[in-house]
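Topology and contacts: notes
The chain contents come next:
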Amino acid sequence: MVFFLLNIYIYTSMLNFLNKFKEAETTEVSQDERNILIAAILIECAKEDGDFSDVEIEKIKKLLENKLGVNSEKVSSVFDQAIELCQDSVEIYSLTKDIRDNFSHEEILDILELMWTIMLADGKIDDFEDAMMRKIVGLFHLTGKDSSEARHKASININNQS
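The present account deals with the structure reproduced in this document. (Residues numbered from 1 in each chain as written. Predicted model: local features only at pLDDT ≥ 70, side-chain atom pairs only at ≥ 80, totals over all residues. Heavy atoms only, no water.)

The helix and strand inventory of the protein chain stands at 8 helices and 0 strands. Listed by position from the N terminus, the elements making up the protein chain come as α-α-α-α-α-α-α-α. A total of 162 residues make up the protein chain; the buried ones form 35% of that total. The long-range fraction of contacts in the protein chain, counting pairs at least 24 apart against all pairs at least 6 apart in sequence, stands at 76%. Summing over all exposed atoms, the protein chain offers an accessible surface of approximately 10,300 Å²; the carbon and sulfur share of this is 54%. (Helix = DSSP H or I, 4+ residues; strand = E, 2+ residues; numbered from the N terminus. Buried < 20%, exposed > 50% of the residue type's maximum accessible area, 1.4 Å probe, protein only. Contact = heavy atoms within 4.5 Å. Areas by Shrake-Rupley, 256 points an atom, 1.4 Å probe, with all protein chains shown as cover.)

What follows is the structure, encoded as structure tokens:
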């Protein structure tokens, strides 16, 4: 009898969990939340080399405004919320999962290009940055070719801005 009741409890618990998961999965995130996610992963890229410089901060803010169309008055707010998200986030896995769950494949490729833009901002890629990008490419379920193309596009964009 105890075994039977335990099975019923486990079954109903699992059913409740799956129902909550389904409900959470169908909620759409706002454009501001999407921009915060993008800003957060760009911040993580900028921090990876241990030097989160003013140049990188300004570069992220410019990308938010110019590439994502964030209103200039909202840029600081989105950036500050992304900083908070990064401080609350323990690891990159949840951030990449949130992006995978809320963006199309093409949008993720665009985000990867923005990430390379930040990584290349100081003109060099150290071993930690390179390892992070390889890890993120895997977490986004992308290929090395996707990453190479995004890096090339980012490099061209940086050279055109010079």
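Now that the structure is up, let's keep going.
A separate point is the packing of helix 2 (residues 31-47) against helix 6 (residues 105-119). Running from N to C, helix 2 and helix 6 point in directions that differ by 35 degrees, and their axes come no closer than 9 Å. Note that helix 2 runs across helix 6; the crossing there is right-handed. Seen from helix 2, the contacting residues are Arg34, Ile38, Ile41, Leu42, Cys45 and Ala46; seen from helix 6, they are Glu107, Ile111, Leu114, Met115, Ile118 and Met119. (Axes fitted to C-alpha atoms, helices over the stretch in contact; angles between N-to-C directions. Left-handed = near helix turned anticlockwise from the far one by under 90°.)

Moving on: the pattern of salt bridges. Note on pairing: side chains with opposite charge can pair once their charged atoms come close. Tallied over the full model, the rule gives 6 salt bridges. Close ionic contact of Arg134 with Asp130 constitutes a salt bridge, the shortest N to O distance being 3.1 Å. With a gap of 4 residues between them, Arg134 and Asp130 both fall in helix 7 (residues 127-139), about one helical turn apart. Taking relative accessible area as the criterion, Asp130 reaches 26% and is therefore assigned partly exposed. As a salt-bridge pair, Glu149 and Lys145 come within 3.8 Å of each other at their nearest N and O atoms. Of the two residues, Glu149 and Lys145 both sit in helix 8 (residues 144-161), 4 residues apart, roughly one turn of that helix. We classify Lys145 as exposed; its relative accessible area is 58%. (Salt bridge = Lys/Arg side-chain N within 4 Å of Asp/Glu carboxyl O.)

Turning our attention to the packing of helix 2 against helix 7. Closest axis-to-axis distance for the helix 2/helix 7 pair is 9 Å, and the angle between their directions is 150 degrees. Residues Ile41, Glu44 and Cys45 of helix 2 form the contact with helix 7, whose participating residues are Glu129, Met132, Met133 and Ile136. For the contact of helix 2 with helix 7, the residue count by class is 5 nonpolar, no polar and 2 charged. (Nonpolar A, V, L, I, M, F, W, Y, C, P; charged D, E, K, R; others polar.)

With that settled, consider the layout of surface pockets. To find the voids left in a structure, one rolls a probe of water-molecule size over its atoms. Quantified by volume, the second largest pocket comes out at close to 160 Å³. Sorting the residues of the lining of the second largest pocket by element identifies helix 2 and helix 6 as the ones contributing at least two each. When its residues are assigned to classes, the lining of the second largest pocket shows 5 nonpolar, 2 polar and 4 charged. (1 Å grid on protein atoms, 1.4 Å probe; cavity = no way out; pocket = protein on both sides within 12 Å on 5 of 7 lines; lining within 4 Å. Points joined across faces, edges and corners; volume = space filled by probe spheres on them.)

The next point concerns the nonpolar core. Within soluble globular proteins, side chains that are nonpolar tend to cluster in buried spots. If you look at the biggest cluster of nonpolar residues, it comprises 44 residues, and the most contacted ones within it are Ile41 and Met115. Once you skip the residues sitting within four places of it in the chain, Met115 turns out to touch Ile41, Leu42, Cys45, Met133, Ile136 and Phe140. (Core = buried A, V, L, I, M, F, W, Y, C linked by side-chain atoms within 4.5 Å.)

Here the focus is the environment of Arg151. Examined against the element boundaries, Arg151 turns out to sit in helix 8. The spacing of Arg151 and Thr117 is 34 residues in sequence and 7.5 Å in space, taken between C-alpha atoms.

The next point concerns helix 6. For helix 6, built from 15 residues, the straight-helix expectation of 21 Å at 1.5 Å per residue is met to within 8% by its first-to-last C-alpha distance of 21 Å. Counting buried positions over the 15 residues of helix 6 gives 11, a clear majority of the element. Looking at helix 6, one finds that the buried residues are Ile108, Leu109, Ile111, Leu112, Glu113, Leu114, Met115, Trp116, Thr117, Ile118 and Met119. Packed against the buried residues of helix 6 are helix 2, helix 3 (54-66), helix 5 (92-102), helix 7 and helix 8. (Expected span 1.5 Å × (residues − 1).)

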